[in-house]
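Topology and contacts: notes
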Amino acid sequence: MSMLTRAVESMLSAPAPTVSGGEETSSDCIYSLPPSAVSSVVSLQSLEQTVHRGVDTTNVVKAAVSNDEEEETEPETQLEALMNRGNYMRILRQLALADEEERRRQQAFDRSDSGEEKKEGDDIFDDGIRTLETGDRVLSYDTYLDHQRYHDDMKHVDVKYMDFGGLRNSSGEDCGRLVVEQCKACGKGGYVWDAGYILGDHVIAREDEWRGSVAASSRPRVLELGAGTGVVGLMLAKAVECDVVVTDLPELLGLMERNVRRNFSDLSDDGGAGLIAADGRAKGSIEARVLRWGDETHYAGAPYDVILGADIVTSIYDPVALAQTVHALSGPKTKVYISGKTRLDKPHEVFDGEMRRLFERVERVDSPLSRLKSPGCFIIVAEGRM
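Residues numbered from 1 in each chain as written. Predicted model: local features only at pLDDT ≥ 70, side-chain atom pairs only at ≥ 80, totals over all residues. Heavy atoms only, no water.

**A closer look at the overall build of the chain**
Rules: Note on conventions: DSSP H or I runs of at least 4 residues are helices, E runs of at least 2 residues are strands, and numbering of each starts at the N terminus. Exposed residues in this analysis have more than 50% of their type's maximum accessible area, buried residues have under 20%, and partly exposed residues fall in between, with area computed by a 1.4 Å probe over protein chains only. Residues are treated as being in contact if the distance between any of their heavy atoms lies within 4.5 Å. Note on areas: Shrake-Rupley, 1.4 Å probe, and residue coverage restricted to the protein chains presented here.
Scanning the chain for helices and strands turns up 14 helices and 13 strands. Counting every position in the chain, which comprises 386 residues, the buried fraction comes to 46%. Considering only contacts in the chain between residues 6 or more positions apart, those separated by 24 or more positions represent 67%. As displayed, the chain has an accessible area near 18,700 Å², and 49% of this comes from carbon and sulfur atoms.

**So, the packing of helix α11 (residues 231-239) against helix α12 (residues 253-264)**
As a reminder, the rule being used: Here, axes are lines fitted to C-alpha atoms. For helices the fit covers the stretch in contact, and angles between N-to-C directions go from 0 to 180 degrees. Oblique is the label for any angle not covered by the other classes, which are roughly parallel (under 35 degrees), roughly antiparallel (over 145) and roughly perpendicular (65 to 115). Whether a crossing is left-handed or right-handed is set by the direction in which the near helix is turned from the far one by less than a right angle, anticlockwise for left-handed and clockwise for right-handed.
Between α11 and α12, the shortest axis-to-axis distance is 11 Å and the interhelical angle comes to 20°. Here α12 runs roughly parallel to α11, going by the angle between their axes. Read as a crossing pair, α11 and α12 show a hand that is right-handed. Of the residues in α12, those in contact with L234, A237 and K238 of α11 are N259, V260, N263 and F264.

**Some remarks on the confidence of the model for the chain**
The criterion, for reference: Scored between 0 and 100, pLDDT is the confidence that the predictor attaches to each residue.
Taken as a whole, the chain shows an average pLDDT of 79; of its residues, 67% reach a score of 70 or greater. Under a pLDDT of 50 for its full length, residues 16-71 has, in the predicted model, 83 contacts with residues more than four places off or in other chains.

**Considerations on the sheet that holds strand β12 (residues 359-365)**
Going by this rule: Between any two strands, at least two bridges found by DSSP are needed for them to pair.
Pairing is mixed across the open sheet formed by 7 strands, whose spatial order is β9-β8-β7-β10-β11-β13-β12. This sheet does not close on itself; its edge strands, each paired only once, are β9 (285-290) and β12. Sheet twist, expressed as the mean angle between neighbouring strand axes with direction ignored, is 20°. Both strand β7 (residues 221-225) and strand β8 (residues 243-248) contribute to a ladder of 4 bridges, which runs parallel. Residue pairing in the sheet places R221 in a bridge with D243 of β8. Packed on one face of the sheet, α12 meets β8 and β9 and runs near 170° to β9.

**Some details on the pairing of strand β6 (residues 174-181)**
When you tally the buried positions in β6, you get 6 out of 8 residues, the bulk of the element. Sheet analysis places strand β5 (residues 161-168) next to β6, joined by 6 bridges and oriented antiparallel. Bridge pairing in β6 places R168 opposite D174. Count of turn residues in the β5/β6 antiparallel hairpin: 5 residues, of which G172 carries a positive phi of about 85°.

**So, the nonpolar core**
One broad rule of soluble globular proteins: the nonpolar side chains tend to lie buried together. Cut-off, in case you're wondering: By nonpolar core is meant a set of buried Ala, Val, Leu, Ile, Met, Phe, Trp, Tyr and Cys residues that side-chain atoms within 4.5 Å join together.
Residues Y141, F164, L199, L236, L308 and Y337 are the most contacted members of the largest nonpolar core, which totals 47 residues. For Y337, the contacting residues outside a window of four places in its chain are L199, H202, V203, E209, W210, V306, I307, L308, G309, I379, I380 and V381. Core analysis: the next-biggest nonpolar cluster, separate from the first, contains 23 residues, Y304, I307, V362 and I380 among them.

**Overview of the packing of aromatic side chains**
Test applied: The rule is short: rings of Phe, Tyr and Trp, with Trp giving its six-membered ring, pair when the centres are within 6.5 Å, and they are stacked under 30 degrees, edge-to-face over 60, tilted in between.
Under the counting rule described, the total for this entry stands at 7 aromatic pairs. Judged by centre distance (5.8 Å) and plane angle (50°), the ring pair of Y144 and Y150 falls under tilted. Each member of the pair, Y144 as well as Y150, is classed as buried. A centroid spacing of 6.0 Å and a plane angle of 90° characterise the contact between Y191 and W193, whose relative ring orientation is edge-to-face.

**Re the sheet that holds strand β3 (residues 129-131)**
If you trace the 4 strands from one edge of the open sheet to the other, you get β3-β4-β5-β6, paired in mixed fashion. Where the open sheet ends on each side, the last strands, each with one partner, are β3 and β6. Recorded for the sheet is a direction-independent mean angle of 20° between the axes of neighbouring strands. Set on the sheet, α11 makes contact with β5 and β6; between it and β6 the angle comes to about 160°.

**What to know about unusual backbone geometry**
Here the amide bond leading from A302 into P303 is cis, since omega sits at 0°, within 30 degrees of zero. Along the chain, the position of P303 falls in the loop between β9 and β10 (304-310). Positive phi outside glycine occurs at Q148, with the angle close to 45°.

**Describing the side chain of K335**
For K335, the position within the fold is in strand β11 (residues 330-341). Beyond its immediate chain neighbours, meaning those up to four positions away, K335 contacts E209, W210, D305, V306, I307, V381, A382 and E383.

**Comments concerning helix α13 (residues 319-328)**
Stated precisely, the cut-off is as follows: Pairs of N or O atoms within 3.5 Å make up the polar contacts considered here, provided that, within protein, one atom can donate a hydrogen while the other can accept it, and that residues adjacent in sequence are counted only when both atoms are side-chain atoms.
Among the residues of α13, P319, L322, A323, T325, V326 and H327 are the ones counted as buried. The elements touched by buried residues of α13 are β7, β10, β11, α14 (345-358), β12 and β13 (377-385). Structurally, the start of α13 carries an N-cap: the backbone nitrogen of V320 is 3.0 Å from a side-chain oxygen of D318.

**Regarding the side chain of H348**
Inspection of the secondary structure assignment puts H348 in helix α14. The contacts of H348, once residues within four sequence positions are left out, are V313, G340 and F378.

**Considerations on the pairing of strand β4 (residues 137-140)**
Examined bridge by bridge, β3 and β4 share 3 bridges and lie antiparallel to one another. From the neighbouring strand, T131 faces β4, where its bridge partner is R137.

Below you can see the structure in the form of structure tokens.
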């Protein structure tokens, strides 16, 4: 029997994660494995990322066991059991729970090592998270930026509101507070991704780079594609004198509009939650619209001075159609900023190739200007529409 098989069987035979106080706690089955067994299943991390994207996992699993099979032939029944999707998901869930438990232990260790006492009612994640009377959770993003101990894509999916605190422009001026609502029911478009925050930070810091192409007497007109929560456009409209339009599919219009109101126009009482951020200090303006890529009836207002997109090059969308949409919305002096993360290389290769065909200058920035140092995040910058 191979090392991988023994590892998997150990996990499958372990008791399922228990439930205590309404929350799952990690089983110790992962930690009971010998280090050599754990190393044999390390490639399941890539399997988890593949499952999240809804891709067939057969080839991933075959790759995970291929080296082990060279030494010893596996009985077919063992492989069939491993290939069972239900078993996949249980293994992945156990790994995720184990990872979360390790994260909690590390945070507790860091707290005790610093001599700081844990106060009654503190959130177990110790990430500046507070729970409202409604049960919704609010993350103070600065507390996460202070440590940045983990960068997995799903780290904040259980948080309803992201409180980014006060934003500052390239001159260091306080431009007001930003609070962004997330929406689980909206799917992946309803979350704030690392590539989004990094893009907002970078474009604000490089204001001089893109403002130079706009007449001094005019306010830059900015379009965000696939905005989701609208975080990039919201950041820019807070910090820079510009007019921003955040766009996405109809399913996300309500979320974008709520975030626009919360940060730019809604002065109503939020029941003491302290989540209204329309403080009158924003430099620019913002609105939300529906825009379907490839539907020219949605292209009103083009060309724009700046076009933004955060983590919008994915395996479920046509990267060529996206590049052509960016081209159609651009003018001769338009500056394009598209951020991404190195986990979907093939779609980005296709997208980059089409962008180079449509624009005179295309470059990749691997070290964006941002307080968030999420590994693998980059920005594609294009200009010179052909």
